[in-house]
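# Working through the structure, step by step
What follows is each chain in one-letter form.
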Amino acid sequence: MLREKIYIASDHAGFALKQEITNFLNKQNIILEDLGPFCNERCDYPDYAHLLSSKINDNSFGILVCGSGIGMSIAANRHKNIRCALCNEPLSAKLSREHNDANVLALGARLTGVDMAFEIITNFINTSFSGGRHCVRISKIEENL
């Protein structure tokens, strides 16, 4: 794994998949902090996207789960230094790390099965940023925030 810690959060629609992911990562002895929610009662995804985004640093990744992944990714990307990628299959997760230096992964619980989510996460956390020509592009994203 490329980072020391992973933060994870969801809304009510993503709660069950978040629990599966938490179990999956805990079995791999990955340092994980679950930011909630801790039940599947209705809640607002921006609250959890903002909370998780406030904790991300150079030594951490984030995983956000809502019904489609769209709301979480939009909310997270409002934060400086957050590059949240909504991924629906493993290749986009790999490319989001290699080319975009994504540090937060968004998943849609209504669109992504558990096994597919595990493959996506595995690619995301085990892929390095390529650097090089991509650094210029990342700096252009950051300068407009």
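Below or above, wherever it landed, is the structure these notes cover. All figures in this text were calculated on a predicted structure; none of them were measured in a lab. (Residues numbered from 1 in each chain as written. Predicted model: local features only at pLDDT ≥ 70, side-chain atom pairs only at ≥ 80, totals over all residues. Heavy atoms only, no water.)

This part is about the nonpolar core. Counting 23 residues, the largest nonpolar core has Ile6, Ile21, Leu25, Ile63, Leu107, Ile121 and Ile125 as its most contacted members. Contributions of two or more residues to this core are made by strand E1 (5–10), helix H1 (15–27), strand E3 (60–66), strand E5 (104–108) and helix H5 (114–126). Per element, the largest residue contribution to this core is six residues, and it comes from H5. (Core = buried A, V, L, I, M, F, W, Y, C linked by side-chain atoms within 4.5 Å. Buried < 20%, exposed > 50% of the residue type's maximum accessible area, 1.4 Å probe, protein only. Helix = DSSP H or I, 4+ residues; strand = E, 2+ residues; numbered from the N terminus.)

Of note, Pro37 is situated in the loop between strand E2 (32–34) and helix H2 (45–55). With 27 residues separating them in the primary sequence, Pro37 and Ser10 have C-alpha atoms 6.4 Å apart. Apart from residues lying up to four places away in sequence, Pro37 is in contact with Ser10, Asp11, Phe15, Lys18, Cys43 and Tyr48. (Contact = heavy atoms within 4.5 Å.)

Another aspect to go through is the pattern of salt bridges. Proximity of charged atoms lets side chains of opposite charge pair with each other. This structure, assessed with the given rule, holds seven salt bridges. The partner of Glu33 in a salt bridge is Lys5, with the nearest N and O atoms 2.7 Å apart. Of this pair, Glu33 sits in strand E2 while Lys5 is found in strand E1, placing the two residues 28 residues apart along the sequence. Overall, the relative accessible area of 23% leaves Lys5 in the partly exposed class. Where Arg83 meets Asp101, a salt bridge forms, and the shortest distance between an N and an O atom there is 3.3 Å. With Arg83 in the loop between helix H3 (70–76) and strand E4 (84–86) and Asp101 in the loop between helix H4 (90–100) and E5, the pair connects residues that are 18 residues apart, well separated along the chain. With respect to class, Arg83 is no different from Asp101; both count as buried. (Salt bridge = Lys/Arg side-chain N within 4 Å of Asp/Glu carboxyl O.)

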